[in-house]
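One-letter residues, chain by chain:
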Amino acid sequence: MKKICLLFSFLSAITLLQAQIPTDYFSNPLSIGTILSGNFGELRNNHFHSGLDIKTEQRQGLPIYASADGYVSRINVSHFGYGKALYIMHPNGYTTVYGHLQKYAGDIQKFVKEQQYSKESYEFEIFPDASVLPVKKGDLIAFSGNTGGSGGPHLHFEIRDGNQRPMNPMLFGFDIADNIPPVVSALYAYVLDDNSHINQSQQRTKVRLVKHKDGNYIAENIQALGRIGFGITAIDQLDGASNHNGVYQIDTKLNNVSSFKVRFDKFSFDETRYLNRYIDYEFFQNNKTRVQKLFREENNPLSIIVDETDEGYLTIKDSLDYSYVIEVKDFKGNTTSIIVPITGRKLEILSPRKIQETEDLVLADHATSISKGKHIIYFPPNALYEDTYLEIKEKGDTIKIHKDIVPIHKNITLTTDISNYAENDRANLYIGQIGHRGNPRYIRTTRKGDKLVGSIRNFGEFTVARDNTPPVVQPLNFSDGKWISSQQELRLRITDAHSGISSYRATINGKFILMEYEYKNNTLTYDFTDNIIQDAENNLKLVVIDNVGNSTTFEAKFFRKPN
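**Q** Got a minute to help me understand the overall build of the protein chain in this structure?
**A** Of regular secondary structure, the protein chain possesses five helices and 47 strands. For the protein chain, the spread of C-alpha atoms along the three principal axes comes to 90 × 65 × 50 Å. For the protein chain, the proportion of its 563 residues judged to be buried stands at 51%. Partitioning the intrachain contacts of the protein chain with sequence separation of at least 6 by distance along the chain shows that 68% fall at a separation of at least 24. A total accessible area of about 26300 Å² is found for the protein chain, and carbon and sulfur atoms account for 47% of it. When the 64 basic and 66 acidic side-chain charges of the protein chain are each reduced to a single mean position, those positions are 3 Å apart.

**Q** How should I be thinking about the pattern of salt bridges in this particular structure?
**A** Scanning all chains against the criterion turns up 35 salt bridges. For lysine 261, the salt bridge identified is with aspartate 251, shortest N-O distance 3.5 Å. Here lysine 261 is found in strand 21 (residues 257–263), whereas its partner aspartate 251 is found in strand 20 (residues 249–254), with ten residues between them in sequence. Here lysine 261 falls in the partly exposed class, since its relative accessible area comes to 22%. Owing to a relative accessible area of 9%, aspartate 251 belongs among the buried residues under this scheme. A salt bridge links arginine 426 to glutamate 423, with the nearest nitrogen and oxygen atoms 3.1 Å apart. Of this pair, arginine 426 and glutamate 423 are both found in helix 5 (residues 423–426), three residues apart, which corresponds to roughly one turn of the helix.

**Q** Is there a simple way to explain the packing of aromatic side chains in this structure?
**A** To describe a pair of aromatic rings, one takes the distance between the centres and the angle between the planes. Here the structure, examined in full by the defined rule, presents 25 aromatic pairs. Through a chain of ring-to-ring contacts, the aromatic side chains of Phe40, Phe48, Phe264, Phe267 and Tyr278 assemble into a single cluster. Lying across the ring of tyrosine 87, arginine 74 places its NZ or CZ 4.3 Å from the centre. Here arginine 560 stacks its cationic end above the ring of phenylalanine 528, 3.8 Å away from the centre of that ring.

**Q** Is there a simple way to explain the pairing of strand 14 (residues 183–191) in this structure?
**A** Each regular strand shows side chains that alternate between the opposite faces of the sheet. Within strand 14, seven of the nine residues are buried, which leaves it mostly tucked inside the rest of the structure. The pairing of strand 14 with strand 19 (residues 222–235) spans eight bridges and is antiparallel. The residue bridging alanine 186 from the neighbouring strand is threonine 233, located in strand 19.

**Q** Any chance you could explain unusual backbone geometry here in plain terms?
**A** Keep in mind that most residues, glycine aside, have a negative phi and that most peptide bonds are trans. Phi is positive for glutamate 120, which is not a glycine, with a value near 50 degrees. In this fold, glutamate 120 is placed in the loop between helix 2 (106–119) and strand 9 (124–126).

**Q** I'm lost on the environment of aspartate 365 in this one. Help?
**A** Turning to its location among the elements, aspartate 365 is positioned in the loop between strand 27 (360–362) and strand 28 (368–372). With relative accessibility at 53%, the residue aspartate 365 sits in the exposed group. In the structure, aspartate 365 is positioned 26 residues away from glutamate 391 in sequence and 19 Å away in space, judged by C-alpha atoms. Residues within four places of aspartate 365 in sequence aside, it is in contact with Pro381 and Asn382. A distance of 2.6 Å separates a polar atom in the side chain of aspartate 365 from a polar atom in the side chain of histidine 366.

**Q** How should I be thinking about the sheet that holds strand 31 (residues 392–395) in this particular structure?
**A** Strands in a sheet are paired, the pairing made by backbone hydrogen bonds, and the direction either parallel or antiparallel. Strand order in this open sheet of five strands is 31-32-38-34-35, and the pairing throughout is antiparallel. In the strand order of this sheet, the two ends are held by strand 31 and strand 35 (440–442), each with one partner. For this sheet, the mean inter-axis angle between neighbouring strands, taken without regard to orientation, is 30 degrees. By the bridge criterion, four bridges tie strand 32 (residues 398–401) to strand 38 (residues 460–466) in an arrangement that is antiparallel. When the sheet's bridge partners are listed, lysine 400 is paired in strand 38 with glutamate 461.

**Q** Is there a simple way to think about a nonpolar patch on the surface in this case?
**A** A contiguous nonpolar patch, built from Val210, Ile218 and Ile339 and spanning about 200 Å² of accessible area, is present on the exposed surface. Assignment of secondary structure puts isoleucine 339 in strand 26 (residues 335–344). Judged by relative accessible area, isoleucine 339 falls into the partly exposed class, the value being 38%.

What counts as what
- Residues numbered from 1 in each chain as written.
- Predicted model: local features only at pLDDT ≥ 70, side-chain atom pairs only at ≥ 80, totals over all residues.
- Heavy atoms only, no water.
- Helix = DSSP H or I, 4+ residues; strand = E, 2+ residues; numbered from the N terminus.
- Buried < 20%, exposed > 50% of the residue type's maximum accessible area, 1.4 Å probe, protein only.
- Contact = heavy atoms within 4.5 Å.
- Areas by Shrake-Rupley, 256 points an atom, 1.4 Å probe, with all protein chains shown as cover.
- Lys, Arg positive; Asp, Glu negative; His and termini not counted.
- Charge placed at Lys NZ, Arg CZ, Asp CG, Glu CD.
- Salt bridge = Lys/Arg side-chain N within 4 Å of Asp/Glu carboxyl O.
- Phe/Tyr/Trp six-rings, centres within 6.5 Å; stacked < 30°, edge-to-face > 60°.
- Lys NZ or Arg CZ within 6 Å of the ring centre and 35° of its normal.
- Pairing = 2+ DSSP bridges.
- Polar contact = N/O pair within 3.5 Å; in protein donor to acceptor, adjacent residues only side chain to side chain.
- Axes fitted to C-alpha atoms, helices over the stretch in contact; angles between N-to-C directions.
- Patch = residues over 30% accessible without salt bridge, like charges linked within 9 Å, V, L, I, M, F, W, Y side chains within 5 Å.

Next comes the structure, spelled out in C-alpha cells:
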C-alpha cells in the first residue's frame, strides 16, 4: 500500500499543469562552475539540441548530484545517443535527464549492474517504480563521462515537462554568464513564387551587411516584388567559452508590424527532425552552414515558431518602400539587429528560378514506388516535405538516388535483387552507401529471399557490397598465459573493416561477464570489481559478430589472484 500511495503522489502531480515555471526548484547537477559547450535549441544534425551541455573541465568522473527530490524513473544504457543516461521524475511533474555518464553511483550503480547481468546485456532500458530508487536533492547519483555519441567529456542535462517535452533549463533559473550579443554572419533573401524577384533574380540572394559601431547591421537596399522571405546565419557565445551556440529568439517586423517570431523555450521529440525543413538544407549540405529561414514553409509544424503573420512571408508591392527589421536575441536579452531597406519595384527577371524536371517526380503526400533496373525505391507518404523531381541513375548493383541536398523526413526503402549471386554468397551481402572515399558504409539491411532491403535516411549513391572478413580482436592490456593481478580491468579492441560490429558476448570460465563497448575507440572493457572471477586460472572467451553474420571467437588464458 505504501508503494502504491507513493507512486500515486508522484503521478497525480504530473496531471497539474505548471502555471508558473519554478525558478528556484532545481539546483546545478555539478559542483563546479557552469560553463556551457552547447545550449538548448542549438541546431544540430537532424535535430534541435534538447538540453544544456555542461563542461566538465575536459575530465571524466566528476560527481553529479540530483537537481531535486524525486525518484529514478528511467535508466537507459546505449552504445550511442546519450550513452549511459539517468532520468529522475520530480513531484512537481518535471523530469531531469543526465546523459553521457561514466557510471552511476551507489544503489543506482548496483541496480544497473544487476539488471545488466540478469539480461546478459550491456545495453538495456528500464522504468523503475517510484519506490525502487528514490533520491533527495543533492544526492550523488552518477559520475560525468563521455559515453554514447558525445564528442568529448561533458554532462548533457535536460528538464522535461509532464509530457516529456524538453524545456529550456534557463527558464528554471539557471544563471549562465552571458554579456556577448549574438553574432550574425550572413543574411539571405528568398523568392517564394514564380512571379516575384529580388534584385532581378529568383535565386537565393546573399544580401550585403554593413556593421555599425554598436554591433548592429544595416543591409544594402534591395529591389523586390511579390512574395519573398529572409534567412540568417547566426550564433551566440557565452562568457568564458568559445563554442558557437544557438540563439534564443528571433523577431522580425515589417514596417513595425510583427511578421515572424522564433523562440527556443520548448519542443517535442516528434517535431525535432523538422529542423531540416526550418533550415536551408541544400545550403547546409553544400556549405556546412545553417541558414534559419524566417518564414514557415508547408509541412513545417514546428512549435518554436510562436508568432507569425502570413507565415512570415513578405508581400512587396511596386513603388512602395519597406523597412524589415530582424532582432536576434540570447536568453539574457543581448540583442543584435539588422535593418533591411526594401524598395518595391517591378523589374525584368534576369536570373529565373530553375527547376530541373526529370522522369521521377515524388509527390510529398503520396506513397511512391520507383523501379530502376534491379532496384525498387519506395517513398512512404510525407517522406519528403514537398513535391520533388529526383535524378536517379542505376548501373548494375549500384544506384544513385539524387544528391543529398533534399532532406528525407521519413525513411525510404531500397530493395535490390541479388538473384544473380550464388546462394552461398548472398549471406555476406549488404547495401552500403558509398562515401566520398568510394567505400561502402553499411546501412541497416535485411534479406528477404533473393532481395536485400535497406532503410535510407539520406540521398546518395548505394551499392550491393560484400563482407567476407570476420571482425578482428586484439587484447590491449594482457596476453595469453600471463598473470594480471595488478590490472583493474580487462581491455580489448574489436574492429570490423566492412559492415561493422553488430554484437559481442564474453565469458570467463563459462560465466557471462559485462563488457562495456566504446565505439569511438573500438574498445571493450571488463571491470574486475564485478567480482565474477573466483579462480586463479581463468579462460576468457569472446565472440564478436559483424552486421552480415561473420564471427570471430577469441580465447585466452590469464591468471589472477582471486579477490
